Amino acid sequence: MASTAGPSYTVISHQKHRRSRQRCNTLDTDSQSLSTLGYFKTLPLEIFQMVLNYLSVKDISMLSMVSKTISSRLINYISTPAGNRRLLLQDFHNFELPGKSGGCYILEHYKSLGLLLKRCTFLLPTKDRLKFTHKILSVVSCFKLNGCPSPLHCLGLQCYGIFLQILTAGWDELECHRVFNFLCELSNLPRKVQTVVSSKPGSAQKLELQIRLYCRSVLLNHWIHRSDSAFWLTRILKPWPMVNQARLLYIIFGPVSSLDGHVVWQKMIEGPTDETSLKGLADAIKLLYDTETREWTADDVISLVDELSVIPQEWLMENNARFLILSGNNICFTFMASKAVNRRVTELARLMVFLALVCEKDLYCMDWAVKMMQKVCKVFSTPRERNNFLQCVENAFAHIMMDMVQTVLTGDHDEENSSFLNLFHLVNAQADFHKEILYLTMRSSSSSTV
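An account of the accompanying structure is given in this report.

Looking at the overall build of the chain
Here comes step 1: Helices and strands together make up the secondary structure of the chain, namely 22 helices and zero strands.
Here comes step 2: Evaluated residue by residue, the chain yields a buried proportion of 44% over its 450 residues.
Here comes step 3: Pairs at least 24 apart in sequence give 70% of the contacts found in the chain among residues at least 6 apart.

In structure tokens:
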């Protein structure tokens with residue numbers, strides 16, 4: 001009888017084969033991970049972290065680009081108490097560090113730290129990058145909106161701002177929206193802004209100061225490109241109605257006391273102010289007007305200027321004129337043209353007089369004021385409207401001058417005799433203004449004769 005025995009080989013179960021293959025894959029992965037460590041693979045983790053203590057933050061940042069494995073080790077190091085102590089310097093109130101050039105040292109440190117975390121978290125989603133960053137920085141109280149007891153003498157918010165600028169540089173607009181929303185959630189900024197814009201100006205001075213410092217130091221001051229600054233300023237302003245946008249703009253960029261840093265709300269209504277008090281506001285308006293952004297139209301910006309000029313009450317006309325000059329030709333003309341279109345001729349004529357007065361006081365060329373008046377005249381559609389406007393300008397000169405003469409004659413002089421000086425400047429402004437008109441007329445008649 002023939003034998004029916006099968007072939008003689010050992011059958012290995014499928015489950016046992018799979019376990020063997022997984023073990024091989026694990027060994028291969030570990031081997032690959034070790035190979036990406038280079039010479040560091042021979043060092044225990046504790047020794048590796050000790051080596052990092054001898055490297056500058058910039059050097060560690062460069063090291064993070066060597067491989068994903070080293071980057072992971074660096075992330076672990078940053079998360080350790082030793083890494084926190086090493087990397088999170090907190091000498092924000094001591095500007096004169098031994099052997100260091102004041103506050104510049106700590107600002108440069110956080111600039112380098114921002115680059116380090118940018119490189120270490122490069123492969124993570126935006127949400128996870130922000131969570132990890134917050135986890136690391138949350139121990140620093142001076143990075144919080146209301147975390148420092150003496151914010152005027154602290155570099156904490158500036159360090160936080162320059163850190164975030166380096167971390168988020170090059171991120172697309174959607175990612176930056178997420179960053180802003182993340183910061184708002186952490187700082188509770190919207191609720192705090194709601195409190196100050198719905199309160200009487202100056203009734204929450206400490207909170208106004210905190211919002212001003214946080215917005216400027218963290219969100220606005222460190223950007224190189226104007227378009228980036230415009231983006232972040234837009235994020236701050238746009239959620240609010242126009243009147244609240246103007247209030248918030250004044251809080252962030254308006255004049256402050258040199259003693260305690262609080263916003264000076266009465267500065268624009270008590271008397272003529274200087275360029276320094278207006279420059280921040282004017283630069284912010286120019287930023288929104290000049291940058292090519294889809295979110296602000298010319299009408300939006302002019303409406304914002306209109307709202308701003310009555311906060312907390314209607315500004316003195318001289319301050320309004322000085323603000324328009326600082327805001328630039330385009331904004332000044334567009335603002336005046338809107339008044340011409342809306343037939344607010346008397347108000348426009350008074351503004352024209354104070355533009356001439358500011359040119360005289362601040363030593364601007366008077367022909368600029370005359371040319372601006374020429375451009376405004378072209379907005380009027382008929383010769384009769386233009387002549388009416390010019391007559392209103394002359395009447396405004398006369399009325400304002402008589403008001404100043406009356407003030408001088410009443411004898412209510414202050415120590416600086418400002419009422420007499422104002423009259424002196426207005427007389428000179430009127431003479432110079434009409435001189436430029438005569439020059440312009442003579443040039444036009446000469447050219448037409450030729």
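Here we look at the pattern of salt bridges
Here comes step 1: Using the criterion set out here, one finds twelve salt bridges in the structure.
Here comes step 2: Between Asp362 and Arg322 there is a salt bridge; the shortest N-O distance is 2.8 Å. Residue Asp362 is found in the loop between α19 (345–361) and α20 (366–377), and its partner Arg322 is found in helix α17 (residues 317–327); the two are separated by 40 residues along the sequence.
Here comes step 3: Given the relative accessible area of 24%, Asp362 is considered partly exposed.
Here comes step 4: Here Glu385 and Arg343 are joined by a salt bridge, their closest N and O atoms 3.0 Å apart. Linking Glu385 in helix α21 (residues 383–409) with Arg343 in the loop between α18 (329–341) and α19, this pair joins segments that are 42 residues apart in sequence.

Let's talk about helix α7 (residues 126–137)
Here comes step 1: Taking 1.5 Å of rise per residue, the twelve residues of α7 would be expected to cover 16 Å, and the 16 Å separating its terminal C-alpha atoms lies within 8% of that figure.
Here comes step 2: Of all the positions in α7, only Thr126, Arg129, Leu130, Phe132, Thr133, Ile136 and Leu137 are classed as buried. In an axial view of α7, the angular spread of the buried residues amounts to 165 degrees, which keeps them on one side of the axis. In α7, the exposed positions that point more than 90 degrees away from the buried face belong to Lys127 and Lys135.
Here comes step 3: Close packing links the buried residues of α7 with α4 (68–79), α5 (81–87), α6 (103–120), α8 (156–168) and α9 (173–187).

Considerations on the side chain of Arg129
Here comes step 1: For Arg129, the position within the fold is in helix α7.
Here comes step 2: Once you skip the residues sitting within four places of it in the chain, Arg129 turns out to touch Lys118, Thr121, Phe122, Leu124 and Trp171.

Details of the nonpolar core
A general trend in soluble globular proteins is that nonpolar side chains are found buried together.
Here comes step 1: Formed by 138 residues in total, the largest nonpolar core has its most connected members in Phe92, Tyr110 and Leu249.
Here comes step 2: Ranked by residue count, the leading element in this core is α19, at twelve residues.

Examining the environment of Cys159
Here comes step 1: Of note, Cys159 is situated in helix α8.
Here comes step 2: Taking the C-alpha atoms as reference, Cys159 lies 9.8 Å from Gln90; in sequence the two are 69 residues apart.
Here comes step 3: Beyond its immediate chain neighbours, meaning those up to four positions away, Cys159 contacts Phe92, Ile106, Leu107, Tyr110 and Phe143.

Some details on the packing of aromatic side chains
Here comes step 1: Per the counting criterion, the structure on display carries eleven aromatic pairs.
Here comes step 2: Ring plane angle 80 degrees and centroid distance 5.4 Å describe the contact between Tyr110 and Phe143, whose orientation is recorded as edge-to-face. A residue pair is termed long-range when its members are at least 10 positions apart, and Tyr110 in helix α6 and Phe143 in the loop between α7 and α8 qualify at 33 residues.
Here comes step 3: A relative accessible area of 0% places Tyr110 in the buried class.
Here comes step 4: Both rings, one in Tyr250 and one in Trp265, keep their centres 4.8 Å apart while their planes meet at 15 degrees; by these two values the pair is stacked. Separated by 15 residues along the polypeptide, Tyr250 in helix α13 (residues 242–253) and Trp265 in the loop between α13 and α14 (267–270) bring together distant segments of the chain. One exposure class covers both Tyr250 and Trp265, and it is buried.
Here comes step 5: An aromatic cluster is built from Phe92, Tyr110, Phe143 and Tyr160, whose rings are joined through pairwise contacts.
Here comes step 6: Sitting above the plane of the Phe48 ring, Arg73 keeps its charged end 5.6 Å from the centroid.
Here comes step 7: Sitting above the plane of the Phe333 ring, Lys375 keeps its charged end 4.4 Å from the centroid.

Considering the environment of Leu220
Here comes step 1: Along the polypeptide, Leu220 turns up in helix α11 (residues 205–220).
Here comes step 2: The buried category is assigned to Leu220, whose relative accessible area is 9%.
Here comes step 3: Counting along the chain gives 58 residues from Leu220 to Ile162, while the straight-line C-alpha distance between them is 9.9 Å.
Here comes step 4: When residues no more than four places from it in sequence are discounted, the contact partners of Leu220 are Cys215, Ser229, Trp232, Leu233, Ile236, Ile252 and Phe253.

Notes on unusual backbone geometry
Here comes step 1: Following Ile311, the chain continues to Pro312 via a peptide bond in cis, the omega torsion being -5 degrees.
Here comes step 2: Within the fold, Pro312 resides in the loop between α16 (298–308) and α17.
Here comes step 3: Phi angles above zero are rare outside glycine, and Asn188 is one such case at about 60 degrees.
Here comes step 4: Judged by its relative accessible area of 33%, Asn188 falls in the partly exposed class.
Here comes step 5: Unlike most non-glycine residues, Arg343 shows phi in positive territory, near 60 degrees.

What to know about the packing of helix α15 (residues 275–290) against α18
Here comes step 1: Running from amino to carboxyl end, α15 crosses α18 at an angle of 85 degrees, the nearest separation of the two axes being 10 Å. Relative to α18, α15 is oriented roughly perpendicular. Listed contacts from α18 to Ile285, Lys286 and Tyr289 of α15 are Asn330, Ile331 and Thr334.
Here comes step 2: For the contact of α15 with α18, a count of residues per class yields three nonpolar, two polar and one charged.

Rules and cut-offs
- Residues numbered from 1 in each chain as written.
- Predicted model: local features only at pLDDT ≥ 70, side-chain atom pairs only at ≥ 80, totals over all residues.
- Heavy atoms only, no water.
- Helix = DSSP H or I, 4+ residues; strand = E, 2+ residues; numbered from the N terminus.
- Buried < 20%, exposed > 50% of the residue type's maximum accessible area, 1.4 Å probe, protein only.
- Contact = heavy atoms within 4.5 Å.
- Salt bridge = Lys/Arg side-chain N within 4 Å of Asp/Glu carboxyl O.
- Expected span 1.5 Å × (residues − 1).
- Arc of directions from axis to C-beta.
- Core = buried A, V, L, I, M, F, W, Y, C linked by side-chain atoms within 4.5 Å.
- Phe/Tyr/Trp six-rings, centres within 6.5 Å; stacked < 30°, edge-to-face > 60°.
- Lys NZ or Arg CZ within 6 Å of the ring centre and 35° of its normal.
- Axes fitted to C-alpha atoms, helices over the stretch in contact; angles between N-to-C directions.
- Parallel < 35°, antiparallel > 145°, perpendicular 65-115°, else oblique.
- Nonpolar A, V, L, I, M, F, W, Y, C, P; charged D, E, K, R; others polar.

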